[in-house]
Amino acid sequence: MSETETEVAVEAVELASESKPDEEGNVIALARANDMLPGQIHLLPVASRPFFPGQAVPLMMAAEHWSPTLHAVGETEHKILGVVLVRSETSEEATSADFYPVGTACRVHRVHRQEGHLQVLVECLQRFRIEGWVHDTVPFNARVSYLPEPAGAPDDQVRAYAMAVINTIKELLPLNPLYVEELRMFLDRFGPDDPSHLSDFAASLTTSKREQLQEVLEEVQLLPRMEKVLVLLNNELELAKAQQKIRRSVEERMQTQQREFMLKEQLKAIQKELGIAKDDRTAELDKFKERLTKLTLTAQAQKRVDEEMEKMGMLETGSPEYSVTRNYLDWITLLPWGQHSPDKLDLKRARRVLDRDHYGLKDVKERILEFLAVGIHKGEIAGSIILLVGPPGVGKTSIGHSIADALGRRFYRFSVGGIRDEAEIKGHRRTYIGAMPGKFLQAIKDAGTANPVIMLDEIDKIGASYHGDPASSMLEVLDPEQNSDFLDHYLDLRFDLSKVLFVCTANTTDSIPGPLLDRMEQITLAGYIAEEKLQIAKKYLLPRQIDRAGLPKGGIKLDTTTLRELIDGYARDAGVRRLEKQLAKIVRKVAVRMLEGATLPITIGAADLKEYLGSPVFRDERRLSGPGVVTGLAWTTMGGATLPIEAVRAHEQARGFKLTGQLGDVMKESAEIAYTYVTSHARDFGAESTYFDKAFIHLHVPAGATPKDGPSAGITMAAALLSLARNVPVRRIAMTGEITLTGEVFPIGGVREKLIAARRAGIKEIILPEDNRGEFEEVPEHVRKGLLIHFATRFEDVVPLLFKG
């Protein structure tokens, strides 16, 4: 309550307490000339809590809304206003239906307008009941009947309740000083032997809900009213005790903390005087100096450290600049300046580690061993960036782990996929709040040496935005000629990254910027054929899943036939990630069966796969046949795939050529070139020269929902058009190669992936461009085995291979 409100309340009490004691000392209120209460009064709704007779209450209300009501009251001779509790949330929203039936008649003593509000002082006189409405909107007006207070001397039971109320109030007094002032004001007007006003006063002291207080107001009989009041008082007492207990607990805890703080400060002062301990700043500086004794800083870095430590010695510990300087020195002294872990330059050990962790990938392992061999001859392995390119699930990330293990170096991996802010690479300037170094210095700090193996995962998915171009920021990091003086924006010092071995991974090189790709040594992982997957599942994947599930070794048996069926029907993609997921699903179901009482070992046959894994995800590719149908080979980010192409003669009403199958621009150009070449040389290849003159040709590449693009389907499209023109189906043969307008067959990429796709589809005869002969010879023998390869220089070399005979 503000000082103004307190003065108003005191004045109200003085106005309302014009009383004097009689001869026996009892306080008797003086009767006024206008104490006769009218039968029709204006009503004022209140939403917080009801008022009780005997109170003097200051009210604050909105002038705009309630001025008409107070003006109407002021024009009456008696100045009586009925204050009634309403059920609505605010008094302004109240309607006549929201009024409770019983309220309190009050005399208005003062009305003061201030800043759009009315300050009203009212003296509460007597209960009344609403009998009917004279005016049911603002200003509310109603006919009322007054409820008399109990008369006569109280009986023993009422006195007992009155003593109980008084004793409870006495218990409340020490818990809340406000009760003392309220009691003093009550005793100035009424005596303790007035049980009716005593019960009303006691109810007004509590913080009970408005509905509970309204019940007390509506109770005319004294004894039931006092029973209700005593319940509210006891609840208030329990609440006050709980608050006191909480307050005392908080105060004790604060005192304990203050005492501990003071003792610690005194102990610090004593230790400092005795030279046993140092202050925080000195301790921090000594910690940094101790770290520096183990490091070999460059001259530039040593000069910067000396400057920053001198600055830190002069700054106040509470200043923001102190915190910035401290964090900067912390980062500098945590970096492993000149700290290098010794390399294990043992080629045999490296070969053992690679063979232990990976099956197959002979060409990849050989390439890595060549790289290590050069480092062994030099005496150190540095200055190279390896890029592992291949479809998902072929083991690119795990190869990075194996390289670090083979060299005995620390390994740190972070994904750069989706990074759009160059500050993630080169750090933030120290002027920014929350500035910190970039990912590379964070990796160096976490590794603890200046020559770890850092893997940059998903480098083909690095992004660019208005924050900058992270790919361009990578150029300095991944250039062996520049990264010996790598400059991080936060550190603002040159740090040598030339001893770090960077291993990057990507699914495709198409989205890697050319200058960045030029700095890397690319190693391609083409994927696994079915035989390799079979061995990987037996030696690595299944034992690992059994171990992770906590099952006994040998608890699950999958024979070779079952694994082949699993690979062919459920995990036909280039990598082995899907295969491992399917094996994990089988192991989980076996774990459930074991808990249900199944005996070990549990043997799973090919016929059981549907029960464990559902219907096969992959099915044998539908063999399309007939004139105009040819099988091509394509490369995708998921590995190689067969690409059937269909051509039909739609009608002969007009010459035309239509393409469908969601083809990219390159494939559309290949189709146009193939169409032009075949139509101009149809007679040379045994077709009618006039076949295309009035024919509308429709060429389609199935799976239209899948985008397709790339320069490798030229001869396939030309072969489909020639087969259509001759009306002769093509033999069971697959092909890949680009064609020119003069019939030259140009080379393509992804030879190994396309050979694996043909083998997976059961096609043993393949046509490749002559210029890809060298790449074919580099494909591992186990992939080439059993394949009949034809090399073509011109389309004339392809035609004799297409048709039987």
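Going by the structure above, here's the rest.
Cut-off values and rules
Residue numbers run consecutively from 1 along every chain, following the written order of its sequence. The predicted nature of this model means local features are confined to residues of pLDDT at least 70 and side-chain atom pairs, given and counted, to a pLDDT of 80 or more, with totals for whole chains, interfaces and linings taken over all residues. Where side-chain values are given, they derive from all heavy atoms of the structure, hydrogens and water being excluded. Burial classification: accessible surface area is computed with a 1.4 Å probe over protein chains only, and a residue below 20% of its type maximum counts as buried, one above 50% as exposed, and the rest as partly exposed. Secondary structure elements follow DSSP: runs of H or I no shorter than four residues count as helices, runs of E no shorter than two count as strands, and numbering proceeds from the N terminus. When DSSP finds at least two bridges between two strands, those strands are taken to pair. Any Phe, Tyr or Trp ring, taking Trp's six-membered ring, that has another such ring centre within 6.5 Å forms a pair; planes under 30 degrees apart are called stacked, those over 60 apart edge-to-face, and the others tilted. Only lysine NZ and arginine CZ atoms are considered, and such an atom sits over a ring when it is within 6 Å of the ring centre and within 35 degrees of the ring normal. Axis definition: a line fit to C-alpha positions, over the contact stretch in the case of helices; interaxial angles, taken between N-to-C directions, run 0 to 180 degrees. Handedness of a crossing follows from how the near helix is turned relative to the far one, being left-handed for an anticlockwise turn of less than a right angle and right-handed for a clockwise one. Contact between two residues is taken to exist if any of their heavy atoms lie within 4.5 Å; hydrogens are not considered. Only Asp, Glu, Lys and Arg are considered charged in this grouping, and only Ala, Val, Leu, Ile, Met, Phe, Trp, Tyr, Cys and Pro are considered nonpolar; every other residue, Gly among them, is considered polar. Polar contact criterion, stated in full: a pair of N or O atoms within 3.5 Å, where within protein one must be able to donate a hydrogen and the other to accept it, and residues adjacent in sequence count only if both atoms are side-chain atoms. Note on patches: the residues involved have over 30% relative accessible area and no salt bridge, like charges join within 9 Å, and the nonpolar side chains Val, Leu, Ile, Met, Phe, Trp and Tyr join within 5 Å. The Shrake-Rupley method, run with a 1.4 Å probe sphere, supplies the accessible areas, and residue values consider only the shown protein chains as cover. Throughout this description, the term salt bridge denotes a Lys or Arg side-chain nitrogen within 4 Å of a carboxyl oxygen of Asp or Glu. Within this scheme, the nonpolar core is defined by two criteria: the residues are buried Ala, Val, Leu, Ile, Met, Phe, Trp, Tyr or Cys, and they are joined through side-chain atoms within 4.5 Å.

Another point: the pairing of strand β5 (residues 80-85). Taken across its six residues, β5 has six buried, putting it largely inside the fold. Here β5 shows a buried face lined by I80, G82 and V84 and a second buried face lined by L81, V83 and L85. Across five bridges, the pairing between strand β3 (residues 40-46) and β5 is parallel. Across the sheet, V46 pairs through a bridge with L85, a residue of β5. Taken together, the four bridges between β5 and strand β6 (residues 102-114) define a ladder with antiparallel strand orientation. Residue pairing in the sheet places V83 in a bridge with T104 of β6.

So, about helix α15 (residues 439-447). Buried within α15 are the following residues: F440, L441, Q442, A443, I444 and A447. Just downstream of α15 lies G448, where phi reads positive at about 85°.

This part covers unusual backbone geometry. Along the chain, V138 connects to P139 via a cis peptide bond; the corresponding omega equals -5°. Considering the arrangement of structural elements, one finds P139 in the loop between β7 (117-135) and β8 (140-146). Along the chain, L600 connects to P601 via a cis peptide bond; the corresponding omega equals -5°. Here P601 lies in the loop between α20 (577-595) and β17 (602-604). A positive phi is found at Q662, a non-glycine position, where the angle reads about 50°.

Right, let's get into the packing of aromatic side chains. Given two aromatic rings, one states the distance between the centres and the angle between the planes to describe the pair. Per the stated rule, a full pass over the model turns up 16 aromatic pairs. Each residue in the set Y412, F414, F440 and F502 is aromatic and connected to the rest through ring pairs, giving one cluster. Sitting above the plane of the Y328 ring, R430 keeps its charged end 3.7 Å from the centroid. When the ring centre of F776 is taken as reference, the NZ or CZ atom of R784 above it lies at 5.6 Å.

Now for the pairing of β3. Counting buried positions along β3 yields six of seven residues, so the element is predominantly enclosed. In the sheet, β3 pairs with β8 via four bridges, with the strands oriented antiparallel. What sits directly across from I41, in β8, is A142.

The next subject is the packing of helix α9 (residues 299-314) against helix α10 (residues 320-334). Relative to each other, α9 and α10 sit at 145°, their axes nearing to 10 Å. When the axes of α9 and α10 are compared, the crossing they make is left-handed. Residues R304, V305, E308, M309, K311 and M312 of α9 pack against E321, Y322, T325, R326, Y328, L329 and I332 of α10. A class-by-class count of the residues in the contact of α9 with α10 yields seven nonpolar, one polar and five charged.

Here we come to the side chain of D457. Positionally, D457 belongs in strand β11 (residues 453-457). Accessibility expressed as a relative area gives 4% for D457, which makes it buried. For D457, the side chain forms a polar contact with the side chain of R413, separated by 2.6 Å.

Let us look at the sheet that holds strand β15 (residues 521-524). Within the open sheet, the five strands sit side by side as β10-β11-β14-β9-β15. Their pairing is parallel. If you trace the sheet from one side to the other, it starts and ends with β10 (411-415) and β15, each paired once. Here the average twist between neighbouring strands, direction ignored, is 20°. Looking at chain direction, strand β9 (residues 385-389) and β15 are connected through four bridges and run parallel. Directly across from L388, in β15, lies its bridge partner I523.

Take a nonpolar patch on the surface next. Taken together, the side chains of I246, V250 and M254 present a nonpolar region at the surface, about 260 Å² in accessible area. When you line up the elements, V250 lands in helix α7 (residues 222-274). Look at V250 and you get partly exposed, because its relative accessible area is 32%.

Within soluble globular proteins, side chains that are nonpolar tend to cluster in buried spots. If you look at the biggest cluster of nonpolar residues, it comprises 51 residues, and the most contacted ones within it are W337, L456, I459, M474 and L478. The dominant element in this core, judged by the number of residues it contributes, is α10, at five residues. Residue contacts for L478: discarding those within four places in its chain leaves I385, L456, I459, F502, C504, L516, R519 and M520. With 50 residues, the next largest nonpolar core counts V353, I368, Y528 and L558 among its residues.

Interpretation note: all reported values are geometric properties and have no functional meaning in isolation.
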